[in-house]
Structures are given as structure tokens and as C-alpha cells.
Protein chains: 2
Amino acid sequence: MNKKFLSLSLLFFICQGIFAQSIIGFKPGNAGAQLELEAQFESRLKAENLDNWMKRLSAEPHWVGTEYGKKNAEWMADQFRSWGYDTQIETYHILFPYPKVRELELLSPEAYRAKLTAVPVDGDPYTAQGEALLPSYNAFSTDGEVEAELVFVNYGIPQDYEELEKLGIDVKGKIVIAKYYGSWRGIKPKLAAEKGAIGCIIYSDPEDDGYVRGDVYPEGAFKNKTGVQRGSVMDMPLYPGDVLTPGYAAKKDAKRLDRKDAPTITKIPVLPISYEDALPLLSALKGPVAPDSWKGGLPITYHVGPGPARVRIKLEFDWNITPAYNVIAKLKGSTYPDQWVMRGNHHDAWVHGANDPVSGMVAVMEEARVIGELAKQGKRPKRTIVYAAWDAEEPGLIGSTEWVEDHEKELQAKLVAYINTDSNGRGFFGAGGSHTLQAMVTEVAEAVKDPQTGVSIKERRIARQLTGGGNDRFELSALGSGSDYTPFIQHAGIASLNIGFGGENAGGEYHTIYDTYPHYTRFKDPGFAYGVALANTAGRIVLRMANADVLPFEFKQWHSTVAGYLDEVMKETESMRKAVERHNGLVEKKSFALAADPLENVAPPKKKKEIPFLDFSPLQNSLSKLGKRIEELESLNPESLPVEKQKALNAALQGTEQVLTDLSGLPRRPWFRHQLYAPGFYTGYGVKTLPGVREAIEQENWEEAQEEIVKLSETFDKMEKQVSTLISLSR
Amino acid sequence: MNKKFLSLSLLFFICQGIFAQSIIGFKPGNAGAQLELEAQFESRLKAENLDNWMKRLSAEPHWVGTEYGKKNAEWMADQFRSWGYDTQIETYHILFPYPKVRELELLSPEAYRAKLTAVPVDGDPYTAQGEALLPSYNAFSTDGEVEAELVFVNYGIPQDYEELEKLGIDVKGKIVIAKYYGSWRGIKPKLAAEKGAIGCIIYSDPEDDGYVRGDVYPEGAFKNKTGVQRGSVMDMPLYPGDVLTPGYAAKKDAKRLDRKDAPTITKIPVLPISYEDALPLLSALKGPVAPDSWKGGLPITYHVGPGPARVRIKLEFDWNITPAYNVIAKLKGSTYPDQWVMRGNHHDAWVHGANDPVSGMVAVMEEARVIGELAKQGKRPKRTIVYAAWDAEEPGLIGSTEWVEDHEKELQAKLVAYINTDSNGRGFFGAGGSHTLQAMVTEVAEAVKDPQTGVSIKERRIARQLTGGGNDRFELSALGSGSDYTPFIQHAGIASLNIGFGGENAGGEYHTIYDTYPHYTRFKDPGFAYGVALANTAGRIVLRMANADVLPFEFKQWHSTVAGYLDEVMKETESMRKAVERHNGLVEKKSFALAADPLENVAPPKKKKEIPFLDFSPLQNSLSKLGKRIEELESLNPESLPVEKQKALNAALQGTEQVLTDLSGLPRRPWFRHQLYAPGFYTGYGVKTLPGVREAIEQENWEEAQEEIVKLSETFDKMEKQVSTLISLSR
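Source: prediction; values computed, not measured.

So, how was this worked out
- Residues numbered from 1 in each chain as written.
- Chains lettered and ligands numbered in written order.
- Predicted model: local features only at pLDDT ≥ 70, side-chain atom pairs only at ≥ 80, totals over all residues.
- Heavy atoms only, no water.
- Axes fitted to C-alpha atoms, helices over the stretch in contact; angles between N-to-C directions.
- Helix = DSSP H or I, 4+ residues; strand = E, 2+ residues; numbered from the N terminus.
- Contact = heavy atoms within 4.5 Å.
- Nonpolar A, V, L, I, M, F, W, Y, C, P; charged D, E, K, R; others polar.
- Domains from an automatic or database assignment.
- Buried area = accessible area lost by both parts, 1.4 Å probe.
- Salt bridge = Lys/Arg side-chain N within 4 Å of Asp/Glu carboxyl O.
- UniProt positions renumbered as here; feature names shortened; annotations may be inferred.
- Buried < 20%, exposed > 50% of the residue type's maximum accessible area, 1.4 Å probe, protein only.
- Polar contact = N/O pair within 3.5 Å; in protein donor to acceptor, adjacent residues only side chain to side chain.
- Phe/Tyr/Trp six-rings, centres within 6.5 Å; stacked < 30°, edge-to-face > 60°.
- Lys NZ or Arg CZ within 6 Å of the ring centre and 35° of its normal.
- Least-squares fit on C-alpha atoms with pLDDT ≥ 70 in both.
- Pairing = 2+ DSSP bridges.
- Parallel < 35°, antiparallel > 145°, perpendicular 65-115°, else oblique.
- Left-handed = near helix turned anticlockwise from the far one by under 90°.
- Arc of directions from axis to C-beta.
- Right-handed = clockwise from strand over helix to strand, strands pointing away.

Visitor: Would you explain the packing of helix α3 (residues 47–57) of chain A against helix α4 (residues 67–82) of chain A in this entry?
Guide: The geometry of a pair of packed helices is captured by two quantities: the angle between their axes and the separation between those axes. Residues and elements named next belong to chain A. It is the contact of α3 with α4, at a shortest axis distance of 10 Å, that shows an interaxial angle of 145°. Contacts between α3 and α4 pair Trp-53, Arg-56 and Leu-57 from the former with Tyr-68, Lys-71, Asn-72, Trp-75 and Met-76 from the latter. Of the residues assigned to the contact of α3 with α4, the class counts are 5 nonpolar, 1 polar and 2 charged.

Visitor: Looking at this model, I keep getting lost on the domain arrangement of chain A. Mind explaining?
Guide: How big an interface is tends to be reported as the loss of accessible area on association of its parts. Residues and elements named next belong to chain A. Along its sequence, chain A is carved into domain 1 (45–94 + 325–503 + 530–547), domain 2 (98–321) and domain 3 (556–730). Each of domain 1 and domain 3 has a C-alpha centre, and the two are 29 Å apart. Across the boundary between the two partners, domain 1 contributes 33 residues, which contact 24 residues of domain 3. Three residues stand out in domain 1 for area buried against domain 3, namely His-435, Gln-490 and His-491, and they jointly supply 26% of the buried area on that side. Counting the contacts that link domain 1 with domain 3 gives 1 salt bridge.

Visitor: Please clarify how the UniProt feature "domain: PA" (unreviewed entry) in chain A should be interpreted in this entry.
Guide: The UniProt entry lists residues 146–214 of chain A under the feature "domain: PA" (unreviewed entry), expressed in the numbering used here. Summarising residues 146–214 of chain A: 30% helix, 25% strand, and an end-to-end C-alpha distance of 36 Å.

Visitor: Can you help me understand the pattern of salt bridges in this one?
Guide: Two side chains carrying opposite charge are able to pair once their charged atoms lie near each other. Evaluated as defined, the whole model comprises 100 salt bridges over all chains. Between Glu103(B) and Arg312(B) there is a salt bridge whose closest N-O contact spans 2.7 Å. Of this pair, Glu103(B) sits in strand β1 (residues 86–108) while Arg312(B) sits in strand β9 (residues 310–331); the two residues are 209 residues apart in sequence, bridging distant segments of the chain. By relative accessible area, Glu103(B) is classed as buried at 19%. The shortest N-O distance in the salt bridge between Arg669(B) and Glu695(B) comes to 2.8 Å. In this pair, Arg669(B) sits in the loop between α19 (643–654) and β15 (677–679) while Glu695(B) sits in helix α20 (residues 691–698), placing the two residues 26 residues apart along the sequence. Put simply, Glu38(A), Glu42(A), Glu443(A), Arg540(A) and Arg544(A) are held in one network by salt bridges that share partners.

Visitor: What exactly am I supposed to notice about the interface of chain A and chain B here?
Guide: On the side of chain B, 40 residues touch chain A, which itself brings 40 residues to the contact. Of the roughly 3,100 Å² buried where chain A meets chain B, counting both sides, 55% is carbon and sulfur surface. Linking chain A with chain B are 4 salt bridges. Residues Lys286(A) and Glu219(B) are paired through a salt bridge, measuring 2.7 Å at the closest nitrogen-oxygen approach. The interface formed by chain A and chain B contains 20 residue pairs in polar contact (both at pLDDT 80 or more). Breaking the side of chain A that touches chain B down by element, the ones donating at least two residues are α13 (457–467), α17 (556–588) and α18 (591–595) of chain A. For the side of chain A that touches chain B, the element with the most residues is α13(A), which contributes 6 residues. Among the residues making up the side of chain A that touches chain B, the classes are represented as 17 nonpolar, 10 polar and 13 charged.

Visitor: Please explain the packing of aromatic side chains as it appears in this structure.
Guide: Any pair of aromatic rings gets described here by the distance separating the centres and the angle formed by the planes. All names here are of chain A. Summed over all chains, the structure comprises 56 aromatic pairs over all chains. Ring centres of Tyr-211 and Tyr-275 lie 5.5 Å apart, and the angle between their planes is 90°; this geometry places the pair in the edge-to-face category. Of this pair, Tyr-211 sits in the loop between α7 (206–209) and β7 (231–232) while Tyr-275 sits in helix α8 (residues 275–283); the two residues are 64 residues apart in sequence, bridging distant segments of the chain. A relative accessible area of 9% places Tyr-211 in the buried class. The buried category is assigned to Tyr-275, whose relative accessible area is 5%. Over the face of the ring belonging to Tyr-336 we find Lys-647, whose NZ or CZ atom lies 5.8 Å from the ring centre.

Visitor: How should the environment of Gln654(B) be read in this particular structure?
Guide: All names here are of chain B. Within the secondary structure, Gln-654 is located in helix α19. Through-space distance from the C-alpha of Gln-654 to that of Ala-114 is 53 Å; in sequence the pair is 540 residues apart. When near neighbours in sequence (up to four residues on either side) are disregarded, Gln-654 contacts Gln-339, Leu-411, Gln-412, Ala-413, Lys-414, Leu-415, Val-416 and Leu-551. A distance of 2.9 Å separates a polar side-chain atom of Gln-654 from the backbone oxygen of Gln-412.

Visitor: Mind showing me how you'd approach the relation of the copies chain A and chain B here?
Guide: Expressed as a screw operation, the relation of chain A to chain B combines 0.0 Å of axial shift with a rotation of 180°, fitting to an RMSD of 0.0 Å. Such a combination of rotation and displacement between the chain copies is what one expects of a two-fold axis. Closest approach to the rotation axis within chain A is made by the C-alpha atom of Pro299(A), at a distance of 2.8 Å. With an isologous cut-off of 70% or more, the 100% of interface residues of chain A that recur at the interface of chain B puts this contact in the isologous class.

Visitor: Honestly, the environment of Leu257(A) in this entry has me stumped. Any pointers?
Guide: Residue and element names in this part refer to chain A. Here Leu-257 shows up in the loop between β7 and β8 (270–273). When the C-alpha positions of Leu-257 and Pro-246 are compared, they lie 8.6 Å apart, and in sequence the two are 11 residues distant. Residues in contact with Leu-257, not counting those within four places in the same chain, are Tyr-239, Val-243, Leu-244, Pro-246, Ala-262 and Pro-263.

Visitor: I tried to follow the pairing of strand β14 (residues 496–503) of chain B on my own but got confused; where do I start?
Guide: One face of the sheet, then the other: side chains in a regular strand alternate in exactly this way. Residues and elements named next belong to chain B. Taken across its 8 residues, β14 has 6 buried, putting it largely inside the fold. In the sheet, strand β12 (residues 415–420) pairs with β14 via 3 bridges, with the strands oriented parallel. Bridging from a neighbouring strand, Ile-419 pairs with Leu-497 of β14. As paired strands, strand β13 (residues 427–433) and β14 are joined by 7 bridges and run antiparallel to one another. Counted as the bridge partner of Ala-431 is Ile-499 from β14.

Visitor: Looking at this model, I keep getting lost on the packing of helix α10 (residues 398–406) of chain A against helix α14 (residues 485–492) of chain A. Mind explaining?
Guide: Residue and element names in this part refer to chain A. With their axes 8 Å apart at the nearest point, α10 and α14 run at an angle of 40° to one another. Relative to α14, the element α10 lies oblique. Our pair here, α10 against α14, has a crossing hand that is right-handed. On α14, the residues touching Ser-400, Thr-401, Trp-403, Val-404 and Glu-405 of α10 are Pro-487, Phe-488, His-491 and Ala-492. Grouping the constituent residues of the contact of α10 with α14 by class yields 5 nonpolar, 3 polar and 1 charged.

Visitor: Before we go on, may I ask you to explain α3(A) in this structure?
Guide: Two residues of an α-helix separated by three or four positions point the same way, owing to the 3.6 residues in each turn. Residues and elements named next belong to chain A. All of the buried residues in α3 are Asn-49, Leu-50, Trp-53, Met-54 and Leu-57. Summarising the axial view, the buried residues of α3 lie within an arc of 130°, below the 170-degree limit, and thus occupy one face. On its buried face, α3 sits against α4, α9 (354–376), α15 (517–524) and α16 (529–547).

Visitor: Whenever I open this one, the environment of Gly173(B) confuses me. Can you help?
Guide: Residues and elements named next belong to chain B. One can find Gly-173 in the loop between α5 (158–166) and β5 (175–179). A relative accessible area of 34% means that Gly-173 is categorised as partly exposed. Distance in space between the C-alpha atoms of Gly-173 and Ala-535 is 51 Å, their sequence separation being 362 residues. Other than its neighbours up to four places away in sequence, Gly-173 contacts Ala-148, Gly-196, Ala-197 and Ile-198.

Visitor: How should the pairing of strand β6 (residues 199–203) of chain B be read in this particular structure?
Guide: Residue and element names in this part refer to chain B. Counting buried positions along β6 gives 5 out of 5 residues, so the element sits mostly inside the fold. Direction of pairing for β5 relative to β6: parallel, over a ladder of 5 bridges. Across the sheet, residue Ile-175 finds its bridge partner in β6, namely Gly-199. In this region the chain leaves β5, passes through helix α6 (residues 187–194) and returns to the parallel neighbour β6; the handedness of that crossover is right-handed.

Visitor: Sorry, what's going on with the side chain of Asp450(B) here?
Guide: For Asp450(B), the position within the fold is in the loop between α11 (438–447) and α12 (457–467). Setting aside its immediate chain neighbours within four residues, Asp450(B) contacts Gly427(B), Val455(B), Ser456(B), Ile457(B), Arg460(B) and Tyr530(B).

Visitor: What should I look at first to understand unusual backbone geometry in this one?
Guide: It is generally the case that most residues other than glycine have a negative phi and that most peptide bonds are trans. In this model, Asp356(A) is joined to Pro357(A) through a cis peptide bond whose omega is 15°. The residue Pro357(A) is located in helix α9 in this model. Omega for the bond connecting Gly305(B) with Pro306(B) falls within 30 degrees of zero, at -5°, which places this linkage in the cis form. By the element assignment, Pro306(B) lies in the loop between α8 (275–283) and β9. The backbone of Phe140(A) shows a phi angle near 80°, a positive value even though the residue is not glycine. By the secondary structure assignment, Phe140(A) is in the loop between β3 (138–139) and β4 (144–152).

Visitor: In this structure, what is going on with the side chain of Lys295(B)? I would like to understand it.
Guide: Inspection of the secondary structure assignment puts Lys295(B) in the loop between α8 and β9. One polar contact links the side chain of Lys295(B) to the main-chain carbonyl oxygen of Val212(A), over a distance of 2.8 Å. Within the local environment of Lys295(B), its side chain forms a polar contact with the side chain of Asp292(B), the two groups lying 2.7 Å apart. Once you skip the residues sitting within four places of it in the chain, Lys295(B) turns out to touch Val212(A), Arg213(A), Lys179(B), Glu207(B), Val289(B), Ala290(B) and Tyr302(B).

So this is what it looks like as C-alpha cells:
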């Protein structure tokens, strides 16, 4: 066969493939070129860059304020510059506590002094860096020395305290010991303090990420008995970022709160420990045997206490103002220089952070490198692309939050979307974010191939949903908190995404000295195939947002998602009502008293307050009207309008997510302004959708619930107006 | 106030209370006298008798064939005689294996020799009887010496082997190690052998009845690291009783099978061990990490294997023909001497058996004592009451089975009902049995007061159901197997009950050397209040069955229960069909292959055979017709008929349960004749209702399922004829 004919037919089939496709936001004639650009982008991604850069960035511990952290920032800035980016290091001056005294003792019935130190392991020299490793602690624990009886509180979340109440156990004046997991860690001391505890210990139970899950490091990926998870415990659901400068940037000369007035520092001392250190403490508890669901994987009978175990905690920190270095790299857009697409990952770690954050950071860099290279070859994006490497994410999203607070007005005027990553590994594609971007992300997920199976990353993820008993729809999850998208979406109202791969990368290294290059390359993403897949996915998202004729926001999927949330909240209210009715009926019949074991001597539950009927109709009416307007909008084809008309439309689209925010914020936490998505006040990471309404209902604050229903319906009405504007600009 | 007036008013209120009630089976005029008799019965029950007798019966180990077992039988016979019973010891000669050689070694990667011995504990001298204690073993394991790689099979039940197949692991030629629980223990070696394993180890995981559940003995009630559960592993779902004389009595001169031909002896050697002995074995396994639901409470990563752990088991038994002594005590009835009400509990234990069986046995004795006393005072029951203390229950329901096989014709002609108990403790009333007795048991449960709360035992049980999320109906469970009711109901077709109290008596002593008087009186039923409650409940049931004008069988509740079983089987078939359809759809889409972790290298599941539609209409039609006849029957009031007419009706009622049996038995196990209730072929204890139909469906044997549907509908047609007879006799 003629070689020329072969390549011609090949070209034909390729072109057919490309032109047969349409992409949201692109006029038919431009879609092919975009896909061709993306194909070029993909073909230039190199796994070995990710590998080399991970080795470089994770060679030494680099938490905020370290010499190596600064070196990393400067080195990354140099890289971005070399790829053609206009790059700055933007520095903020933030409060960061370093542990000076860490003591934990079991005083009685036997004496035990906690080791608080993870051991080096064979085959991983990084774990043997001794003094250079950051001691294990919880950042933004208050200083203090406390001594009291111990109480085991399971995960230390609200339902655990309900269980304790049933058992007749009060934590007032006690020190609690809680397992990691079940909530964001900062919830545990917050709730413990609210309940009157005077100290809080958090430990990693082997059931959650130790030997129960799998072999422990270095034999396997999971936590050995000495590993300790570090982490921030600041009250982030109130506000993240620098604790002394709420809502504004922590510049050198900023006015600062007194540390004693900072509301996000914990009220009680908190210390994280290993399961080796937890074992003597838990073994020394008596009192009721823990409920079945509380029991972990240690070879003991879990008792709740209080006591007879008596413990002492002493913690002191150096509370220093520390510089945090954000690397900000810009590539100016050709057509819309004042519309920005932003892409970020943090660069600070707790220790070496090969997985968290470096695995995500190196994918970001590789995207930036190739996009810069393409720009040099004339393929400059239409919109300005901004790459960020955030500092001080670990202590509380501080680098990104200060930067967003610093640049809020400019971002609200220019930023089209923020795309975040934070760690990555082998497995399945996962994405959360603004549901106006669901259609676009779905198309990208159809375009990217899974490195292990060769099908699209969307198809593989759907396969997993189906075999797990789920449905076959590709959906974005809603964003709670836990990474740098929070200031963008929840404070500034910028459409945001958070994406990554995982599910075949389980381990117990998170925030320990074992999150190292050897661990990562053995257990998380050998060969960096998923690092490249992440660069490919995020890069295509960035390029589509940057080059789209009309910004690829889609509102029908958004609307049906939001309608689903409303349905959920209504059903939840209804099932709360039924549960209370049933409960009160059983109290009346004395069923609890009769079913209880008299030898356990526990008071039976009391009647609960009845759940009133709420008027959800304002939300139903507003959403219904809005739905009709959206139908109208989505029937139009603005991709084919003249560019000048598109510019006006794009300008309007850019600010649409902000319509969903309210400057007064959520009740008791004005920093959080988004009316659809927020981290739960008592979950921390876990999202609460329609948070004003939902949390009022969950807290049984019925007056507030009704007020929030009205407020949210007004948000939907504002959105209807916005959609009307978009309609008029789309014609 | 005048004293005479006081007692008169008291009498008035008491009488009002009594006469206001009606009892099923009694004409209104007789109900009061019966309740008065029961009140007298109750008032004479003495907890101290139970206490003293438990001390006596559980003083030394007394498994079948021991000197102390024989002494117990003789002593009990003397007691029954002294209470006025015509008492015999009926002896059978049964095969009983005693362990001669028990060896278990881990050969590699490290050497470990299992201790196979539980240790004495402080405060319990019974546990220090050394040589007198029966070595831990599984009765009716075959002799043998095997050596192979080890595989962990979770509970060793069918779904566990499905999971192993998914993991690509075959047990052929291996030795399996299974946890206790999840099924009757005999299922584990049976299934292992069917799958090709050559040996079986069964251990008690601390999650199931060790430290995970609560503090261990002697501090608490649960299993310490050395405790071993003994128990029979004969293939009881095939037939229980003497392995050499299936279906007929093991008299001294009976013709016996050759031991090598006995189908209920296991095919492979089986040995039970403690978790102390299991730990080195399980720790030495590699291969895939066990599925989450398989993981137990040991402080290790549970791996499945096979190997590298290599183990050797050597077992030899003395296979002796041993005498089993059943104590049978009769109190002749005044009106219906040839209608018998029978009440039994076994007396043999594995070791001391304070709980199992003595706690039930002493309640039986106290009932018998008081009923005998009342008879001496002229309150002789109308029907003959027969008390039984069975021997050799533990090795396989042998004493009762041989006795029923011996007396089958007489029992089928005379026995009205058999009421079984087997162990007892603090807590909630539970009852299983023939659903024709549900109405009567409900009334008794309303009459007996719970010792801890003062409400009726029915009310307390309903309270527990309700607070556990259940309904408020008092229902008998269906009987599977596990105690001496099995030959009565499932072989001879005698209406039966099995009752007891429990739920606040948890522990890990079952079949270990720790089931002793100190353990029982500390943890199971301090003060024997529930022993007395059991005597009170069972005694009232016996007295009502014995004195009823018309035998208290009720068919409406029976019918709705059976209709519920049919509905369940039909729904189960439907959901099997849907599951297979969904599964096959996912196989076609390659979803399993795509969702699987390629590094685990496991073959994705294949398509399953489709589930055909079965014709359930013969059952629906028969049950519907039967339901109408039952409506008619239950509208009549035979309690007021003349006694001669009642005698004919009672004679017909006596044999009614037999109508539900079929002499051809269940497929492949003709010994089991009941068409409504049977132990599952692969559950052992767990009941399968409508077993012919249900098990054929579960085994996907569609031809047999359709045959069994027809056969069962014929049973229902026979029942309709029987109900017609009852109707004509009730007029």
C-alpha cells in the first residue's frame, strides 16, 4: 500500500474525528482548531519532568517559613519565567505557630510518657532527617497546660456527643481523645471546647489508615504505629487564612488582631498522636464499653471513661509572624487580556509532602511549561492564564486566602474561573465545583484517556459508579473546603473547580514524615501516568476556558442540581419530622425505658421538640421561574454571534457566579458568602449545599430557616435577572 | 378500715381481673380456674432451687459418656420421681469421638506450635480442673493428618467463596482457616471440603466474642485469648442424631453403618482454636488484603493467602460407642391420658455448661417440681405431661433424635406439642416455633411479668423491637436447628416451641471451660430472676396445653405468616432476576473490567445465567383457598361444645402439624420432612422457610423449584382438607 495514501487516509480519519465533535463555548469552525491545540498540548507532556521536579521539591521539609520552602518558591518562579510567564512572588506576613513544648503524659493508673515521634524506616532516607522534620502538632492549637481525666469521644463530632449524652457522660472539665477522620480535624477541639472539655488529643486509629486497611510503611502504604498526622485545627468554617487579619490581606503593615482575640485559634490545647501513643491511654479507660460503631482496630476493649486514666498535656508554641510566598505567573491573553483563567496548587507541605502537595504542583508546572511553549510558537491563549503556587495552605489556606483578599476587586472583575488541584494519584477522575461548569468538564473528561485502560476518564469513572451500585451520570460534587478553592468560590464568588485522580492510591502517609518520594513512587502513582493525566485534564480545561468564543458556562445542569438540593433539604426536614414523631411516641409509651438494660443505669431519652412545617414555596417558585428563563437561554447559540457581541456576553458571564453570593454572608460567618456551597459549620471539609437553609434546619433554628429560605429565594431571583441579561446579550 | 372489707375488696379486684380475661382454648367458665392455677404455679417457683441445682449439675464436666453425666441423669431421675413423676432413663448407644491426638503447627515461614489449651483464671476454681476438662475439639471431625498452605476464608460460608473466586483464589489442596459465627460451625468444613480443601481450622475472632465486644474473662464476660469454642461439626442439615443409625434408634443391638460410610462425619480434619493460637497463623499470611467485611479484631493486616504460611494438622479420635441417658418423666393426665404435652432441655454439656444447658435445665426441673406438687394437691393436668432431660445434645441432638426415632409412631399419635429450652439469661423473651401456637404464646407472654421492669414480657420485648426500629407485633420466629426441637418438628411433625430469655447476657463463654457457675451468676442471670421467669413462662404454656378444653392452635396467624413467606420468596426471586440483569448489563459494558484495579490483576466477573420466571400460581391458589377455609374455622367456638365432641376435635388437632410434613422429605435429605421449616443446607442453624422451594431457587435449580412449588401446594391442599375436618368437628 502506498505510504502517501496511508497518511492521507489517516489524516482524513483524524480530521473526521475532530470536526465531527462540537465543544461547548466554541463556534463549530473553531472547535477543530481547539482540539488540535489540545492534542499538541497533550503530546508534549512529559512524565519525567513530574518525576524530576517531585524529587527536587520534596527533597527537604518545606512548611511555610522554612528556608527550603522559600527556595522552592524561588526555583518555581524561575521555571515559570523561563517558560515565558510574567512571574511575581507575592509575600504575606502571617501568624504561624511552631511547637516549642509538646508533652503528653498518662499520670494514672499507670505512668506513660508519649513519644510523639515517628521513626525512620528502611529504604526511605527522607524519614531519617531527624531534627529537620517538623515535630508533630496541630497548628493553631492554643498554648496551655491541662491535667484531667480522659474521655474517649469516637470521632468527636456532634452525633458522638449525642451518644455520650445517652450514656450519661459529660466531658466538662475532662480531656477528650478523638480519632482522626469523621470530620475535618479542627471540628474536634472546637466541639470539645463547646462541650466544656479542657484539652483534646487526636489519634490515628489503625482501623482508619493503619494496619487494618493494609500493610504498614515501609512494607505497605499504611500508617505504622509511630506515624502522626499533623494538621491545622484553626476554626476554618468561621474564616480561613491568617488568623489575625480576617477578611483583609496580611500585608507587612496590616492592622492585626491581638492573638488572644483571634477567634479561629482553638480554645483548648490540642495534640495529635500515633496509635502507639494512644494505646496506653485508651487501655487505661474504664466506664461503659464504647458503642460498636466507635470501636477501632486496637487490640483492646474500647471503653469511654471518664477515667480512671488521668492525663496531662503541655503545649507551647513560638507564635511568629512568618512570610508566606505565593508564586503568581501570568501569560497574557491575545483577545481578552482582562479576562483571566487561573490555575493553582499549593507548594508548602507539612514535611516533604511528595503527595501533598507536590504531586499536584508538578502537574501544574508541566501544564504551564507546555502552554508557555505553545504560546512561544504563536498559540497564545485568547484569555490571560494565571498560574499560582500557594504557600501556607496547610496551616489554613493562608497564602491563597490572603492573596484573594488582597486582589478581591480585580478578581471579581477579571477572573473567569479558578481551577484547583491538591495531591493526585492512581485511579479515577474526580471533580467538584461550580455546576455551571459541569457540561464543560464532562466534555473534557470524554476527551482524556485513562492511562491504565485506554478508555476515557469519564467512562472509567462511570464504570466505577455503576459497579458500586450507583448511576451512570457524570456529576461534579459540591465543594466544601479543604483546599485553596475556598477563598475563590466561597468568599469572592469566582466559579471554581477542584479536580484530581485517586482511589487506587490509598495510604496512611497523609501529613506524616512518610509522605516522601519513595512512598509516592511505590504506592501512589508509579511512573507518574496519572500526574500526566491530571496535567492533560486540567490543561485542557484551562485552554478551553481561555480560548472559548463564549465562556462555557451551562445553566440547565446547574439548575437541575440546585433543584435536587432543594428536594433533598425538603425531604430531610420531612424525615426529621417523622423521626421526632416516632421518637416522641416511643417516649410516651416508655419504650426506651423498658428496652434499656436496668443494670446500665442510663436515663432514657426525653421528648424532642416537634419539627414545624416550613414554607418552602418561595424557593420552589423562584427556582421554577428561573428554570424557565434558563430553558430560553440554553436554546440560543451565542457562539455564532459577532465577536463584539460576544465580548459583552462574556463580560456578563464572567461575573455570574458572584450573583450567587451575598455580601452579608452566612449567619454568624460573614466571610462565607456563597449561598449554594459552604463547608459545614460542624463538618469542616464536608459541604453543606444551600447552607443557610440547610444548617438552620439541622440546628433546628426554625426562625432562621424561614429567613434563609426567603434570602435564598432572593438570590435565585437575582439569578433570574442575570439570566435575562445573558439572554438579551445572546441574541 | 375494717380488715375483712379490705380482703373482700381485694378478692373482688383480683377476681374481676381474672374473669375479665379469656384464654384461647378454654371455655369462658374454665379460663378463670386456669389463671388461678397458673397464679398458684407462679407463686411456688423458687429461685434458690435453680441456684442450688445449677451448682450441683455444673460442678464437674459432664459431656455424654462421663461418669458425672450419668450421675446427673440419675440424680435428676430421682428428683422427678420424688415430685410424683413416673420416670425412666432411656439409654441409647451412640458413636461419640473423644480426642486422642490434637496437633496444629505452623511450619513456615516461622514455626509455631498451637497450645490448644485454655488457662485457669482467678476466682473461678472450675477452670482449674485440669485433666478433667474436655480438650477443645470439634466432634465428628474425621481423623487425619494434613499439611498444606493456609487460606483465610472469613466465615467460610457460600458468599465468602464467591468473594475468593473474585480474587482468583482457590482452596483446592489447601487448609482453610475460618472464623466462628456467620453460620453453624459444621457448614465451614462441609463447604471447605466441597471446594477441595484438605483441612479446616476454626477460630474465635476477638471481634465476634472477645475483647472487641467487651472485657474478657475473668474481668468481664467475653472470651480471653485462650478460650476455645468446642462443638459438633457433623453434617446435621443432612440428618442429626447418631451418625451410624440414620432415621432409626441407636439401640444396643441396632444395625449400624460402617463409620467410613457415615455421611455426616466430616470429609476433612477440623480443629477449633483460640485467637491466641490463630494470631501467628493469620500473621503469616500474604496475598491480597482481606475484604473489609472479613477483617476481625486482631492487631494485624488480615491477608487471604494462600500461604506462605504452611500448617500441619494431626487429629485422632477414640471412636467409642457410648451410652446416652435420656431422663423421661411422666405425669399422667386426668381427661386425656393419651394426649401428651412434652417439655425438654438437654443435660449434657461440653464442659461444666452452667449456661449451656444447665440454666435451661434447672428451670425445667423447677416447673416439673411445682406442677408435680400441684398434682399431688389434686390439680392434676387434663393431659399427660412429659418432662425430658436429653443427653448427647451437644454432639448432634443425639439423645432427643434417637428417642424421637424410637418412639415416632407413639409421638405422632399422642404428642400435642413439644416445648424446648436450651440455656437462658437476663433480658428479653424470645420464642420460635409452629405458628399455630403464636396466639397462645402471645397470651402467655402477656401474663408473665418481666422481673426487671414489672411490665409483661411481651410489652418489654415489643419496646425493644420498637426502639430498634422494628414493628410492634409479637411474632414467633421460624425454627431452623440447633437444639432438641429439631427431631420433633422437622422429622416427626410435632408442633413445637423453643423459648428463652436473653439479650442482656452477652459473653464469650459458649462451649468453653469458662461456662461455669461463677461466670453465669456474675454475667448471665444474677439471682436467677430470668430462670424463674422462664419456668413461669414455659410452665404456663405447658399447663395451658395440658388443660385446654380445645387445643389452643390458631390458624389465621399461621396463614398470614406462611403467606408472608411466599411473598418473601417471590420477591427474592424477583430481586435475584434484577440483580442478574444488572450484573450482565455491566459485564456487557465491560464496567467491571474498567473499574477494577489493573495492578490487582483479577479477572472481571463473567455473565451469570438468567433467572427464569417461575409459576408461583399453584401456591397462590392453594393458599388463597386455604385462607378462606381458615376464616370459616376461626369464626367457630368449639370451646363451648360438649366434651365428647371436643375429644374428637382435639384428636384431629393433635395431628395437624403432621399434615405439613411429607414422608419423602426435602430433596437430598429425606430425614427433614417439614415443608415449612428447615435448617438451611448451607446455614445449619439458620432457618429456611418453605425450604424445598426457597433452597431450589437460591441454588438456581429451576426445575426443582417448580417441582417443589407443586409439592408444597399439595401440602397446602392437604391442609385445606384437614381444616375442613376441623370445621366439621367444631360444629
